[in-house]
Every structure is written in C-alpha cells, then in structure tokens.
Amino acid sequence: MIESLLLNFLFLLFPVLIFLIFFENRLHTNNSYIHIFLSSISMVLCMAFPIKLEIGFIFDLRYIPFLIVALYGGYKYTFPLYIVLNVYRFFIGGHGIFQSLIFSTVIFILVPLLSKIFLKQNSKKQILSAVFVSFLTIILYLSSLGLQLPALNKEFWILTINALITYTIAMAIIMILIEQIIANINTRETFLQSERLNVMSDLSASVSHEIRNPLTVTNGFLQLLKKSESLTEEDKRYIEFSLLELNRAEKIVSDFLAFAKPQCKNMIYSNLKDETEYVKNIITPYANIHQVDVQFSFNNTLNIQYDKNQIQQCLINIYKNAIEAMKEKGGILSIDVSEQKKDIVIKIKDTGVGMTREEVLQLGRPYYSTKKEGTGLGMLMVYSTINKVNGKIEVESEKGNGTTFIISIPV
C-alpha cells in the first residue's frame, strides 16, 4: 500500500515539477493547454496504478488534479479532463463504470461553479478551500459507495479513514506547492517591473530635457521659415509636416517626463479628494462627446503623500483609455474611491470592449498598447506612478464585457 500511495503522490507532483522546470518563465495564459495535458497524464497514471488496501478495496487520487483544474480554470478547462477520465475508465473496464460516470458528472457540474469565488480569495483561503472541496468530494464518493454495500463493515470504515486522510493531505501539499510557485512568479514579475520603472525614471528626466531643447529650437526656426514669402506652397507643406512631427515628438518627450521622480514642489499630503474630483471634471466633456456617463463616488478619510501632478496624469490616462474603449457604443465609467482597512482603493470600471487575459498581462510593459496609434507610455506611466506610492494595480477584464482597474495604495 505504501508503495502505491507514494507512486500516486509522485504522479500528482509530475505536472508541478514539469511546469516548474520547463514552463515557469512563460505567461500563465500560454500554459492553459499544457496544464490540461499534464493534469490528464497525472489523472490517467493515478487510475492505472491505484492504491490497493490489504482489506481488498482499491482507490486512487484521480480527482485531485481534476478538482485543481476545476477550481482554477472553470468549465472550459475541466471538460477535457472529464472526457479523458471517463474514456480511460471505460477502457479499464470492470465493475463500477456507470457509477464512476455519474459521480464524475456530478463533480464536473458542481465544482467549477466555485471557480470565480475561489480565484478571488487569497492564497491561504485558496489552499483551505481546495482541501475542503477535496474532503467533501471524497465524502460524497464514499457515501455513494456505502449505498451500494449491504452493510457498512469494518473494511469500509478503514477505506473511509485512509481515503479521507490521503486526499486531504495530498491536496494540501499540492496546493501549497502551486500557490508558492504562483507567489514566486508574481514576486519576480513585480520586481522586474519595479526595476524597469526605476530605470525609466532615472533616464527619462535627463534624456527628455536634453531632447526637448533642440526640438524647441528647431520648432522655432521652422515657424519663422514658414512665414517667409519666398517659399512655394510645396515648401510650406513640407514645413507643416515637419512641425506636426515635431509636435508629436514633443508629446512623446512630455510622456517620458512623467516618469521622472516626484518633484518636491508638487508633493502634498492629502486624501486624493481634490485630485480625483479635478480629473473627473476635466474628463467629463471628453466623456460626453463619446456618450459616456461618468459616475463618481468618494468615501475616503485616509491621507498619503504624493506628487499631485503625476497622480492627476495617472488618473487621466486610465479614464481616457476607459472612455476610448466605449466610444463606439457609449457606456458608463464608474469611479469609486474608498478606504479598506489601511488602504486607499480606487476602483475604475468601464463597460467597453474589454481585453483578453493575454492583453491584461501585457499592460504596463514598455511600448505595448491595445490601440493602433498608442505608444504604451500612458499605461507605463500609470504603473510607474502607482509604484512610487507603493501601490498595486489589479485588472479584471473580459473581452466584450468591460474592464475594471482596482488600485490599492497603502497608507
């Protein structure tokens, strides 16, 4: 029994180890099919080499990878596992095929319903929730098995104790490993993003000022040259194009200046009320043009120290992106500023086109933009500004169902 138990546990570790060695550095969304494939292998191996008790009963840990995928991925990613489980169970044959089909169907219907709630929980609660779900699953399995027996004898209770202990401990260990891997990935990504923003901050101020000076001089000479009466219409047209490109370069330089470190003259200690209301007022006309209704709510008494110009520009960038995501059909831009324990939470929600998971993961990276004409510097500036006040940004989005930015700033 011990040998088969350890072998089953090794099968459960198989997807975790393979992912950790070969796929950890890739984006999460690119690994969905890999997760399904590895979990399927783990499940099949558990079924192929079950745990045999001395009393004659056998059971396996097939439902642990099944439950984990169901909780993290929902119906979309659990369905292939459901098919693999039942096809292989039919291939094995023997007594209990029909009961296995019914039980797996019940689990397939019920557990993925918890996925959205599960994903919103913190790491510790996710581990406890997964263990609790596995405990209930094996209880349900044993109950269905007990109904088929003429009497609940000593052998059945030995199976019950072994199955409950094995499932809960194995699920707890695997979940701890998974959550630790996720935490390591997030920590590394946060560190790399912070380093990128710090480098941008150091370079932008000095480089931008140096570039702006020759741009200003060139712009001035072109303006004077444009007034010359000896120029042909074609020459003036070329000068006009040059001025437009200079203005575009000036805008890019201005965007870079936003990455500079907070200026002492702009630093204030406040609860963000004036800044959020000011930005809301100046963005409302732009929203009205695109048939977007702005809903604003402020309930915060906590104060922090920040550069007011950078915070204002940060909020303008997010609001503007949200409005542009709704410009085709209009919609609602909801802005809610509140306090939660010792954090200031700014929740910005739109009803626009939304983004895929891949697009969400790319936000804040240099020169990445979902807009054809975008440079990506706007969102990079947003992440940079929030990073300077030690805040965090969470993005919830679904294609066609809008986007929600949740900014948490610790006091």
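Refer to the structure printed above.
Read on for an overview of the structure.

Side note on the environment of Lys-388
Right, so step 1: With respect to the secondary-structure elements, Lys-388 resides in helix H13 (residues 377-388).
Right, so step 2: Put simply, Lys-388 and Gln-310 are 78 residues apart on the chain and 10.0 Å apart in space, counted from C-alpha to C-alpha.

Concerning a positive patch on the surface
Right, so step 1: Side chains of Lys-116, Lys-120, Lys-347 and Lys-349 sit close together on the surface and give a patch of like positive charge.
Right, so step 2: Turning to its location among the elements, Lys-116 is positioned in helix H6 (residues 115-119).
Right, so step 3: We classify Lys-116 as exposed; its relative accessible area is 67%.

Remarks on helix H10 (residues 273-289)
Right, so step 1: Taking 1.5 Å per residue, 17 residues should reach 24 Å; H10 reaches 25 Å between its end C-alpha atoms and fits that length.
Right, so step 2: Where H10 bends most, the angle comes to about 35°, and this point is Ile-283, followed within four residues by the proline Pro-285.
Right, so step 3: When H10 is considered as a whole, its buried residues turn out to be Glu-275, Thr-276, Val-279, Ile-283 and Ala-287.
Right, so step 4: Contacts made by the buried residues of H10 are with strand S3 (267-270), strand S4 (292-299), strand S5 (304-307), helix H11 (308-324) and strand S6 (331-340).
Right, so step 5: Positive phi appears at Gln-291, one or two residues downstream of H10, with a value of about 55°.

Re the packing of aromatic side chains
Right, so step 1: Following the criterion strictly, the structure yields ten aromatic pairs and no others.
Right, so step 2: The interplanar angle of 85° and the centroid separation of 5.6 Å between the aromatic rings of Tyr-75 and Phe-108 together place this pair among those described as edge-to-face. Pair noted here: Tyr-75 is in helix H4 (residues 75-92) and Phe-108 is in helix H5 (residues 97-110), with a separation of 33 residues, a long-range link.
Right, so step 3: The structure contains a cluster of three or more aromatic residues connected by ring pairs, namely Tyr-63, Phe-66, Phe-103 and Tyr-141.

Rules of the game
- Residues numbered from 1 in each chain as written.
- Predicted model: local features only at pLDDT ≥ 70, side-chain atom pairs only at ≥ 80, totals over all residues.
- Heavy atoms only, no water.
- Helix = DSSP H or I, 4+ residues; strand = E, 2+ residues; numbered from the N terminus.
- Patch = residues over 30% accessible without salt bridge, like charges linked within 9 Å, V, L, I, M, F, W, Y side chains within 5 Å.
- Areas by Shrake-Rupley, 256 points an atom, 1.4 Å probe, with all protein chains shown as cover.
- Salt bridge = Lys/Arg side-chain N within 4 Å of Asp/Glu carboxyl O.
- Lys, Arg positive; Asp, Glu negative; His and termini not counted.
- Charge placed at Lys NZ, Arg CZ, Asp CG, Glu CD.
- Buried < 20%, exposed > 50% of the residue type's maximum accessible area, 1.4 Å probe, protein only.
- Expected span 1.5 Å × (residues − 1).
- Bend = angle between axes of the 7 residues up to and from the residue.
- Contact = heavy atoms within 4.5 Å.
- Phe/Tyr/Trp six-rings, centres within 6.5 Å; stacked < 30°, edge-to-face > 60°.

Any functional reading would require information beyond the geometric quantities listed.
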